Amino acid sequence: MEPGQVVVIGSGLIGRSWAMVFAGGGFRVKLYDVVQQQITSALEYISKEMKKLEQSGMLKGTLSAEKQFSLISGSMDLKMAVEGAIFIQECTPEKLELKKKIFGQLDLIVNNDVILSSSTSTLLPTKLFTGLKHVKQCIVAHPVNPPYYVPLVELVPHPETEPSTVDKTHALMKKIGQSPVRLTKEIDGFVLNRLQYAVISEAWRLVGEGVVSPADLDLVMSDGLGMRYAFMGPLETMHLNAEGMTNYCERYREGIIRVLKTFGPVPEFSGEIEQKISQAMSEKTPVDAEHLNARRAWRDKCLMGLAKLKKQIKSN
Ligand code: NAI
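Residues numbered from 1 in each chain as written. Predicted model: local features only at pLDDT ≥ 70, side-chain atom pairs only at ≥ 80, totals over all residues. Heavy atoms only, no water.

- As annotated in an unreviewed UniProt entry, the protein carries the name L-gulonate 3-dehydrogenase and is attributed to Pelusios castaneus.
- The protein has a UniProt comment under Sequence similarities (unreviewed entry) that states "Belongs to the 3-hydroxyacyl-CoA dehydrogenase family." (UniProt positions renumbered as here; feature names shortened; annotations may be inferred.)

## Looking at the sheet that holds strand β8 (residues 179-182)
Two pairing modes exist for strands in a sheet, parallel and antiparallel, and in both the strands are linked by backbone hydrogen bonds.
Step number 1: Taking strand neighbours across the sheet as the criterion, the eight strands line up as β3-β2-β1-β4-β5-β6-β7-β8 in an open arrangement whose pairing is mixed. Only two strands of the sheet have a single neighbouring strand rather than two, namely β3 (72-75) and β8. Averaged over neighbouring strand pairs, the angle between their axes works out to 25° when direction is ignored.
Step number 2: In this fold helix α2 (residues 36-55) packs onto β2 (28-32) and β3, with an angle of close to 170° to the strand it touches most, β3. (Pairing = 2+ DSSP bridges. Helix = DSSP H or I, 4+ residues; strand = E, 2+ residues; numbered from the N terminus. Axes fitted to C-alpha atoms, helices over the stretch in contact; angles between N-to-C directions. Contact = heavy atoms within 4.5 Å.)

## A look at the state of the cysteines
Step number 1: Scanning the model with the defined rule gives zero disulfides in all.
Step number 2: Left without a disulfide partner, Cys91 is nearest to the cysteine sulfur of Cys138, which lies 15 Å away. (Disulfide = S-S within 2.5 Å.)

## Some thoughts on the pattern of salt bridges
Step number 1: For the structure on display, the rule yields six salt bridges.
Step number 2: Glu90 is paired through a salt bridge with Lys99; the nearest N and O atoms lie 2.5 Å apart.
Step number 3: According to the relative accessible area criterion, Glu90 is buried, its value standing at 0%. (Salt bridge = Lys/Arg side-chain N within 4 Å of Asp/Glu carboxyl O. Buried < 20%, exposed > 50% of the residue type's maximum accessible area, 1.4 Å probe, protein only.)

## Considerations on the side chain of Gln5
Step number 1: With respect to the helices, strands and loops of the structure, Gln5 is situated in strand β1 (residues 5-9).
Step number 2: Under the relative-accessibility criterion, Gln5 is labelled buried at 9%.
Step number 3: In terms of polar contacts, Gln5 uses its side chain to reach the side chain of Arg28, at 3.3 Å.
Step number 4: Beyond its immediate chain neighbours, meaning those up to four positions away, Gln5 contacts Arg28, Lys30, Ala81, Glu83, Gly84, Ala85, Ile86 and Phe87. (Polar contact = N/O pair within 3.5 Å; in protein donor to acceptor, adjacent residues only side chain to side chain.)

## Focus: the packing of aromatic side chains
Pairs of aromatic rings are described using the distance from one ring centre to the other and the angle between the two planes.
Step number 1: Considering all chains together, one arrives at seven aromatic pairs under this definition.
Step number 2: On the numbers, 5.9 Å between centres and 55° between planes, the contact of Phe22 with Phe87 is tilted. Of this pair, Phe22 sits in helix α1 (residues 13-24) while Phe87 sits in strand β4 (residues 85-90), and the two are 65 residues apart along the sequence. Judged on exposure class, the residue Phe22 and its partner Phe87 are both buried.
Step number 3: Taking the centre distance of 5.8 Å and the plane angle of 85° together, the rings of Tyr148 and Tyr149 count as edge-to-face.
Step number 4: Here the guanidinium or amino end of Arg16 rests over the ring plane of Tyr45, the centre of that ring lying 5.4 Å away.
Step number 5: One residue, Lys60, lies across the ring of Tyr148, its end atom 5.2 Å from the ring centre. (Phe/Tyr/Trp six-rings, centres within 6.5 Å; stacked < 30°, edge-to-face > 60°. Lys NZ or Arg CZ within 6 Å of the ring centre and 35° of its normal.)

## Some remarks on the site of the ligand
Step number 1: For the ligand, the set of nearby residues contains 24 residues, the closest of which are Asp33, Gln38, Glu94, Lys99 and Ser121.
Step number 2: Thr92 is positioned such that a nitrogen or oxygen atom in its backbone is 3.3 Å from an oxygen atom of the ligand.
Step number 3: Separating an oxygen atom of the ligand from a side-chain N or O atom of Ser121 is a distance of 2.8 Å.
Step number 4: Compared with its free state, where it exposes 840 Å², the ligand has 78% of that area covered by protein.
Step number 5: Secondary-structure elements contributing two or more residues to the shell around the ligand are α1, α5 (96-109) and β6 (138-143).
Step number 6: In terms of residue count, the dominant contributor to the shell around the ligand is α5 (three residues). (Near = heavy atom within 4 Å. Areas by Shrake-Rupley, 256 points an atom, 1.4 Å probe, with all protein chains shown as cover.)

## Considerations on the domain arrangement of the protein
Step number 1: Taken as a whole, the protein is organised into domain 1 (5-182), domain 2 (192-278) and domain 3 (285-316).
Step number 2: The centre of domain 1, based on its C-alpha atoms, is set 33 Å off from the matching centre of domain 2. (Domains from an automatic or database assignment.)

## Considerations on the pairing of strand β5 (residues 115-118)
Step number 1: Side chains Ile115 and Ser117 of β5 all project onto a buried face; the interleaved residues Leu116 and Ser118 project onto the opposite face, where all are buried too.
Step number 2: Bridge count for β4 against β5 is four bridges, and the pairing is parallel. Each residue of the ladder has a partner; that of Gln89, found in β5, is Ser117.
Step number 3: Each parallel crossover has a hand, and the one from β4 via α5 to β5 is right-handed.
Step number 4: Note that β5 and β6 share three bridges and pair parallel. What sits directly across from Ser118, in β6, is Val140. (Right-handed = clockwise from strand over helix to strand, strands pointing away.)

Here it is in C-alpha cells:
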C-alpha cells in the first residue's frame, strides 16, 4: 500500500496516537471528531509531542516533525474526510451502539476498496460489522496503549472479512512501524487480554491467599518475568530454557500441570482482597489526577527508553 490518505475517527487518547503513527509512516491523516475542541487539543498535543520526540531521537519514520505534523488535518465532515481514503481507523468510545452507528454511516459513503478498521479493545467483529454491505472490508485492529511506544496491533477479522483485507492491514501496520499479529477468528478478550487476565487472575489469588505482598507480586513481573518478556514470548522462553521445546516439555510438563491444577476458581475481584490490593497500590500512587498522571508520565518515559533500547538491539 503506497502512502495515501487515512482517516482517524475520534481524536481522543488512542486516535491522536494513531494519527502520529500514520504520519510517521508518511500518510496524510484526516482526524475526524464530532467535538471541535477535541480536534484542536489533539492537534496541539500532537505538535508538541512530535517536537519532543524529534529532540529525543524517538520520532518515528524519516520525515521531520514539522513535515509529519503538516500531514495531519482535522475535520468535522465525515463524508469529506473519507473521500479518497485508503484506510479508516475508528477510535470512538467503547460503546457498541455508538460504534455500530458510525460503521453504519461509513457503510453508506465508502467505496469498495477502503478498509474499515476499529480500535475496539473488547467488542467482537461479529457484534460490530454483521450486516454491513462492506463487511468484507472490515477488521478490528486493536492497539496497545500507548501505541507510539508499544507497537503490537491485534488484527481480528469478521467471519466474512476478505483475506486480502487482513493482508493489506497487516502490510500497512508493518509499513508504519507497528507490530501486527493475526487472529484467525474472533475470541472474547482477543489474545493480549486473555494472557493479561491469566496473569492478573493468579496475581490476585497469590495476594489474596497472603503468599506474597502486592508490591512483591508486581516486582516478580517487573524485575523477573517482564525482563525477558520485553524481548521474547513465553513459548520461545520455554524453548531456550531447556535443550529446545521438546526437551522442555519432557523435563517440566508434569510440574507445570501439577501447579496449574492448584490454580483454583476465577477470583471475584471484589471484597477484602480488592481493598487490600487497592490500599497497597494507593500508598504508592494516590488516586488523584496529579499522582496518577505523574506515574503515567513515568511509565511512558520508561516505555520510550525500552522502545529505544529494543531498536538499538535489533539494529546490532
Ligand atoms: P477517548 O474517550 O479518549 O476518545 C474518544 C474520542 O471519540 C473523543 O475525542 C470523542 O469526542 C470522539 N467521539 C465521540 N463520539 C464520536 C463520533 N460519533 N464520531 C467521531 N468521534 C466521536 O477514548 P480512547 O481511550 O481513545 O478509546 C478509543 C477506542 O480505543 C475505544 O474503542 C477503546 O476501547 C480503544 N482502545 C483504548 C485503549 C486505551 O488504553 N485507552 C487501548 C486500546 C484500544
